[in-house]
Amino acid sequence: MSLFCWLAMVAFIPMTLSTEPGVKVRLTAKGIEYGRQLGMASLQEKLKAIRVPDFSGKRRVSVIGRVRYRLSNIVIMSVGLLTSAVNLVPGTGVKMSISGAFISLRGNWRVKYLFIRDRGYFDLDVRALSISASIAISSDATGHPAVSSANCAANAGSAKVKFHRGASWLYNLFSKYINRALRRAINKQICPLVTKAVSDMNPLLQTLNVLARVDKHAEIEYSMVSSPSVTASFIDLNLKGEFYNIRNHQEPPFSPKAISLPPQVNNMVYISLSAFTANSAGFVYNRAGILSQDVTDDMIPRLSPIRLNTKTFGVFIPEIARRFPGLMMKLVVKATKDPIVTFEPNKMTVNVTGTVTAYAIQPNATLSSLFVLNLVGYTAGMMKR
């Protein structure tokens, strides 16, 4: 995965009517550093794609006079990125800087002076190469991530050319001039290459799916509701985090409330899940009619003294044992309202309203209704960070 892809993928995801996210994701400087490690090898390969155009010129050389030259078929032999860093730029995105890099090139030379023509090949070593590029991270009108190159600067600190074959000892006399020309040519190639590499990510990012199928009933939308918030220490991503019926995207009768993340930045990634996301799931599944459960005797442990039959329940309601002697039973537990999840500091609470309908199973497998219980359930769990 390229560095640009990694940086862009942290932004991924269509604009929504709500400005509050259901999920917040924080990518810290440590996460960006991990992306840098992944991306430098890819960037190094991209730099090998630099193409220095053929060029020619004239130069007066002491002793032999005016020399016409031409350099052609220049190719990259090797690239080294010794020191690199990626830093967050508040309000914008990230800044990538590389220093101490080197590029080795090889090409053909051809010269003409007086009535003499000569040719050979040359090696060029570019040292102390530095690259600085700022990459802006945002979201487009569809909520997909978008990246752009905000600015770029490249400088080849030094270049040394060495001519081979022919009267190369003579042509090395004006190598300083060639050094400067080739160094300028390298500098002109790097930033357009970086800008294109960043720009080329956008068509790929447009293909990212912002919906994930959960099951045959539901899918979750993880679109961005705003552009990422970038500080000096982290990038915050505001994601919609809403469940929808897979065939009908119906908005629930509630909206997400503001959520926040703790100030810690020791880990690479932090995720904050709001009650809105959990409640949107309850809203979808309840309307799909699947928040129900049939309970039968074979679901009860064999060693349990309590069995799901009319004899056991006859102890509590004798009429059941009298009217339906010796029959097995089934309980149908069903939610009658959307379950409500609330989050408090270090605590999660779930409220469920439903019914429990008891049936006696007749020998012909038909069901006889026994009773209906209204159920209000409440459970709370402690959570640790």
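It should be emphasised that the depicted structure is a prediction, and the values quoted were computed from it without experimental measurement.

**Overview of the sheet that holds strand β8 (residues 211-213)**
- Across the sheet, three strands lie side by side as β8-β9-β12; this open sheet has antiparallel pairing. Here the strands that pair on one side only, and so sit at the sheet edges, are β8 and β12 (242-245). Sheet twist, expressed as the average angle between the axes of neighbouring strands with direction ignored, equals 30°.
- With four bridges connecting them, strand β9 (residues 218-221) and β12 associate as antiparallel partners. When the bridges of β12 are listed, alanine 218 appears paired with asparagine 245.
- Against the sheet, helix α6 (residues 275-287) engages β9 and β12, with an angle of about 10° to β12.

**Observations concerning the pairing of β9**
- Pairing of β8 with β9, which is carried by three bridges, proceeds in the antiparallel orientation. In the strand pairing of β9, leucine 211 is matched with glutamate 221.
- From the end of β8 to the start of β9, which pair antiparallel, there are four residues.

**Digging into a nonpolar patch on the surface**
- Taken together, Tyr34, Met268, Val269 and Ile271 make up a surface patch of nonpolar side chains, about 380 Å² in accessible area.
- The residue isoleucine 271 is located in strand β13 (residues 269-273) in this model.

**Considerations on the state of the cysteines**
- Tallied over the full model, the rule gives one disulfide.
- The disulfide bridge from cysteine 152 ends at cysteine 191, spanning 2.2 Å between sulfur atoms. Linking cysteine 152 and cysteine 191, the disulfide has an S-S dihedral of approximately -85° and is accordingly described as left-handed. Here cysteine 152 is found in strand β7 (residues 145-164), whereas its partner cysteine 191 is found in helix α4 (residues 175-199), with 39 residues between them in sequence.
- Note on cysteine 191: relative accessible area 14%, which makes it buried.

**A few points about the pattern of salt bridges**
- The tally for this structure, following the rule as stated, stands at 10 salt bridges.
- The partner of lysine 240 in a salt bridge is glutamate 221, and the shortest N-O contact between them spans 3.7 Å. Linking lysine 240 in the loop between β11 (234-239) and β12 with glutamate 221 in strand β9, this pair joins segments that are 19 residues apart in sequence. The pair lysine 240 / glutamate 221 is uniform in exposure class, with both members buried.
- For the salt bridge of arginine 322 with glutamate 319, the shortest nitrogen-to-oxygen distance reads 2.3 Å. Residue arginine 322 and its partner glutamate 319 are located together in helix α8 (residues 318-323), separated by three residues, close to a single helical turn.
- Given the relative accessible area of 59%, arginine 322 is considered exposed.
- Members of the salt-bridge network, linked through shared partners, are Glu221, Lys240, Glu242 and Glu251.

Thresholds, definitions, all that
Residues numbered from 1 in each chain as written. Predicted model: local features only at pLDDT ≥ 70, side-chain atom pairs only at ≥ 80, totals over all residues. Heavy atoms only, no water. Pairing = 2+ DSSP bridges. Helix = DSSP H or I, 4+ residues; strand = E, 2+ residues; numbered from the N terminus. Axes fitted to C-alpha atoms, helices over the stretch in contact; angles between N-to-C directions. Contact = heavy atoms within 4.5 Å. Patch = residues over 30% accessible without salt bridge, like charges linked within 9 Å, V, L, I, M, F, W, Y side chains within 5 Å. Areas by Shrake-Rupley, 256 points an atom, 1.4 Å probe, with all protein chains shown as cover. Salt bridge = Lys/Arg side-chain N within 4 Å of Asp/Glu carboxyl O. Disulfide = S-S within 2.5 Å. Buried < 20%, exposed > 50% of the residue type's maximum accessible area, 1.4 Å probe, protein only.

Coordinates in, geometry out; function isn't part of it.
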